[in-house]
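Spelled out, the chains give:
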Amino acid sequence: HLLALINDILDLSKIEANKMEIFLETFDVADLMRDVGATVAPLMAKNRNGFVLDLEDDLGKMHSDQTKLRQNLFNLLSNAAKFTEGGRVALAVRRDRRPNGDWLIFKVSDTGIGMTSEQQERLFDAFTQADASTTRNYGGTGLGLSITRSFSRMIGGVVKVESKLGKGSTFTMEIPAEFKKESSEQHPSEAVPLPPRDKAVLIIDDEPAARTVIASALAEAGLASFEAASGEEGIAAARAHRPAAIILDIIMPHQDGWSVLRSLKNDRELCEIPVILATILADRELGLSLGAV
């Protein structure tokens, strides 16, 4: 479970940092679907679910990132299998010929527990599951669907959900058959506006991995960020850029977080910037007494 979580966080971090590359190849869609169906068969059997693979006769070929498409289908089908017991999961695929070129439509439907409209609204947010009982009863990291949406956008597509509580869910993924660079850009209505640099959040932490995870969480919330790898560098960055808030680690070499916090709060120009402690130390009272929020 921890390994899956770390892998998902690394994927999400790469996506947010625009470091996730696209590998294009031409492949037969029906062959890929049969491969996916064979791979998920044990997942279906685990909860005694019937699996139906419904392929249109002439699906043809795609020129896209096969790995990301396969991973998206695995994510959607494994979710369907997990939230359905003694029911039916189906993968239906068809080719849709449109004025802007052919698209492949993938529908993953199940007869499982379903969701309310409120749960559907936040379903694609990172680290989010339908509700607390979902994590308790079914496990998971809450990252699979966020990554699925990101991968879909990267290869020019979209993913949508329709669901009724107690009746099951249907996820529809639409992907262009021929990847075009411009098709992978976010639709204007989906783009998250980032604030200017002086309204961004400063992350002060000596651990690069910790900075990456925090930056990913901020990006998912629509916030820009910039980083400092030491206390001294962080104070200088705060003076130079006047961030909207500061996220501060405590355990750092040379100048620890307590010292940085005191310096920030004793500086007339910086003292009103909210400072949030992100640390393994549980000394909440000390933090609050020194001015952390």
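These remarks concern the structure in this document. Just so you know, these numbers come straight off a predicted model, no measurement behind them.

Turning our attention to the pattern of salt bridges. For the structure on display, the rule yields 12 salt bridges. The salt bridge partner of arginine 98 is aspartate 96, with a shortest N-O separation of 2.8 Å. By relative accessible area, which is 26% here, arginine 98 ends up partly exposed.

By size, the foremost hydrophobic cluster in this structure holds 33 residues, and its most contacted members are Leu69 and Phe106. Sorting the residues of this core by element identifies helix H2 (29-46), helix H3 (66-82), strand E4 (88-98), strand E5 (101-110), strand E6 (158-164) and strand E7 (168-176) as the ones contributing at least two each. Broken down by element, the residue count for this core peaks at 7 residues, all from H2. With near-sequence residues (within four places) excluded, phenylalanine 106 lies in contact with Val29, Met33, Met62, Leu69, Leu73, Ala92, Val93, Phe171, Thr172, Met173 and Ile175. Judged by nonpolar contacts, the second largest core, of 19 residues, contains Ile204, Ala224, Phe226 and Leu248.

Another point: the sheet that holds strand E11 (residues 275-277). Spatially, the 4 strands line up as an open sheet ordered E9-E8-E10-E11, and their pairing is parallel. With partners counted over all chains shown, the strands left at the sheet margins are strand E9 (225-228) and E11, one partner each. Direction aside, neighbouring strands of the sheet carry axes that sit 20° apart on average. Examined bridge by bridge, strand E8 (residues 201-204) and E9 share 4 bridges and lie parallel to one another. By the bridge assignment for E9, isoleucine 204 is matched with alanine 228. Sheet contacts for helix H9 (residues 257-265): E8, strand E10 (245-248) and E11; angle to E11, the most-contacted strand, approximately 165°.

The 5 strands are arranged E2-E4-E5-E7-E6 in an open sheet whose pairing can be described as mixed. The outermost strands of the open sheet, each flanked by one partner alone, are strand E2 (50-55) and E6. In this sheet, neighbouring strand axes are inclined to one another by 15° on average, regardless of whether the strands run parallel or antiparallel. Relative to E4, E2 is paired through 6 bridges, and the arrangement is parallel. Each bridged residue has a counterpart across the sheet, and for phenylalanine 51 the counterpart in E4 is valine 89. On top of the sheet, H2 reaches E2, E4 and E5; it is set at about 175° to E2, its chief contact.

The rules behind the values
Residues numbered from 1 in each chain as written. Predicted model: local features only at pLDDT ≥ 70, side-chain atom pairs only at ≥ 80, totals over all residues. Heavy atoms only, no water. Salt bridge = Lys/Arg side-chain N within 4 Å of Asp/Glu carboxyl O. Buried < 20%, exposed > 50% of the residue type's maximum accessible area, 1.4 Å probe, protein only. Core = buried A, V, L, I, M, F, W, Y, C linked by side-chain atoms within 4.5 Å. Helix = DSSP H or I, 4+ residues; strand = E, 2+ residues; numbered from the N terminus. Contact = heavy atoms within 4.5 Å. Pairing = 2+ DSSP bridges. Axes fitted to C-alpha atoms, helices over the stretch in contact; angles between N-to-C directions.

As far as function goes, none of this settles anything; it's purely spatial.
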